Amino acid sequence: MSRFFSEKYAALTPYVPGEQPRDMQYLKLNTNESPYPPIPAVVEAAREEATRANLYSDPTAFALRQALAARYDVSPDEVIAVNGSDEALNFAFMAFCDAAHPAVFPDITYGFYPVFARLCGVPYEEIPLREDFTLDPEEYIRRPGKTVFLANPNAPTGIFLPLAQVERIVRADPDRVIIVDEAYVDFGGESAIKLIPQYPNLLVVRTYSKSRSLAGARLGFAVGQASLIADLETIRYSTNPYNVNRMTLAMGAASLAHDDVNRQRCRTVAEVRDRTAAEMRSLGFDVTDSSANFLFARHPAVDGESLYRKLRQRGILVRHFTLPRIRDYNRITVGTAEQMKTFTAAVREILEEST
Ligand SMILES: *Cc1c(COP(=O)(O)O)cnc(C)c1O
């Protein structure tokens with residue numbers, strides 16, 4: 001830290017992204033990216049748009065918002081486009097949390113939430129999930145006035161909270177905002193977007209990173225009633241009005257035109273996930289019931305960190321967390337059927353060595 005760094009941020013511990021090593025070619029099952037390259041027509045749209053990169057992107061992202069509105073049956077003023085859904089989450093912490101509206105989220109969830117809360121200088125409370133990592137809605141219902149952040153399906157557990165339970169939390173207190181982060185919903189959950197017409201206090205955050213094969217393009221969006229979206233627009237125009245670049249805006253719209261391909265890919269990933277989970281259970285793993293594009297698992301005979309290291313030695317990267325409650329576990333991104341065969345073969349070898 002330099003002596004110039006603002007004291008506001010001196011105590012900040014930044015978010016640590018999953019590793020992107022360059023020392024060798026790994027089988028990357030650690031950052032929940034899509035195993036499929038972007039759709040060719042989507043790449044072509046970016047190439048085309050790059051010829052106009054001397055001009056600023058549309059600060060209203062109108063064409064993309066219109067396409068998203070049509071896709072999700074809302075109106076364009078109910079959609080905001082962002083530079084990755086992390087930006088929408090940051091904006092939501094800025095817009096909807098303060099001393100009177102502290103943030104609340106589970107103890108086991110997306111690791112960026114506490115970082116955003118500290119960055120924004122807002123108080124926050126982490127509510128323990130049940131022993132089996134399911135969420136008890138009563139915990140949130142009995143904390144009125146607090147701004148709720150829920151990843152659904154949750155990360156890194158993959159567990160989906162049924163929409164009726166989400167709705168109970170939203171309905172319990174109309175005077176606070178509920179942010180539902182649906183980064184993984186296309187792999188098995190049910191979206192809360194359909195509840196938006198009834199609830200002015202519901203914001204749904206989505207991303208192209210996982211289910212549309214565009215993590216590197218940095219594109220996300222949020223959907224909510226027009227007044228909530230207007231607040232996020234105030235923050236966006238106060239930080240970076242050209243937050244989404246031209247090529248990415250074009251890719252986002254082109255991807256929606258081929259959303260049948262994205263949906264088929266998600267179905268395939270979900271099938272491979274379920275087959276891999278069954279195989280891991282037969283090898284003795286405890287595997288949570290995942291609705292996402294990853295599995296969360298532990299084995300009684302190998303601790304989480306050893307399994308992570310032994311896989312890494314074999315050229316396979318998974319994500320290990322050091323948080324005490326989950327340090328026995330690893331999070332394994334679901335790749336293609338062939339990649340998962342490589343993964344389970346390596347796991348079998350490791351288990352034979354250790355037992
Ligand atoms: C990956 C992820 C995000 C961030 O996605 P980007 O759109 O790439 O910024 C947000 N929330 C959760 C729970 C995620 O896993």
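This report concerns the structure included in the present document. Bear in mind the structure is a predicted one, so any value in this text is a computation, not a measurement. (Residues numbered from 1 in each chain as written. Predicted model: local features only at pLDDT ≥ 70, side-chain atom pairs only at ≥ 80, totals over all residues. Heavy atoms only, no water.)

1. With respect to the pattern of salt bridges
So, point 1. Tallied over the entire structure, the rule returns 24 salt bridges.
So, point 2. The closest approach of N and O atoms between D274 and R273, which form a salt bridge, is 2.9 Å.
So, point 3. Relative accessible area serves as the criterion here: at 6%, R273 is assigned to the buried category.
So, point 4. For D286, the salt bridge goes to R298, with nearest N and O atoms at 2.9 Å. Highlighted residues: D286 in strand β9 (residues 286-287) and R298 in strand β10 (residues 294-298), separated in sequence by 12 residues.
So, point 5. In this structure D286 comes out as partly exposed when scored by relative accessible area, which is 38%.
So, point 6. Take R298: its relative accessible area is 31%, and that puts it in the partly exposed class. (Salt bridge = Lys/Arg side-chain N within 4 Å of Asp/Glu carboxyl O. Buried < 20%, exposed > 50% of the residue type's maximum accessible area, 1.4 Å probe, protein only. Helix = DSSP H or I, 4+ residues; strand = E, 2+ residues; numbered from the N terminus.)

2. Focus: unusual backbone geometry
So, point 1. Here N152 and P153 are connected by a cis peptide whose omega angle stands at -5°.
So, point 2. Examined against the element boundaries, P153 turns out to sit in the loop between β5 (147-151) and α6 (163-172).
So, point 3. Of note, the amide linkage connecting A155 to P156 takes the cis form, showing an omega dihedral of 0°.
So, point 4. Looking at the secondary structure, you find P156 in the loop between β5 and α6.
So, point 5. In this model, D73 sits at a positive phi of 60°, which is unusual for a non-glycine residue.
So, point 6. If you trace the backbone, D73 turns up in the loop between α2 (62-72) and β2 (79-82).

3. Thoughts on the environment of P162
So, point 1. With respect to the element layout, P162 can be found in the loop between β5 and α6.
So, point 2. Look at P162 and you get partly exposed, because its relative accessible area is 42%.
So, point 3. Separated by 30 residues in the primary sequence, P162 and A192 place their C-alpha atoms 9.8 Å from one another.

4. Concerning the sheet that holds β5
So, point 1. A sheet is described by the order of its strands in space; here 7 strands give the open sequence β2-β8-β7-β6-β5-β3-β4, paired in mixed fashion. The sheet is open, and its two borders are formed by β2 and β4 (124-127), each paired with just one other strand. On average, adjacent strands in this sheet sit at an angle of 20° to one another, irrespective of strand direction.
So, point 2. Two elements, β5 and strand β6 (residues 178-181), share 4 bridges in a ladder whose sense is parallel. Across the sheet, residue A151 finds its bridge partner in β6, namely D181.
So, point 3. On top of the sheet, helix α3 (residues 85-96) reaches β2, β3 (103-106), β5, β6, β7 (202-207) and β8 (220-224); it is set at about 155° to β7, its chief contact.
So, point 4. Against the sheet, helix α7 (residues 226-237) contacts β2, β7 and β8, and its axis sits at roughly 30° relative to β2. (Pairing = 2+ DSSP bridges. Axes fitted to C-alpha atoms, helices over the stretch in contact; angles between N-to-C directions. Contact = heavy atoms within 4.5 Å.)

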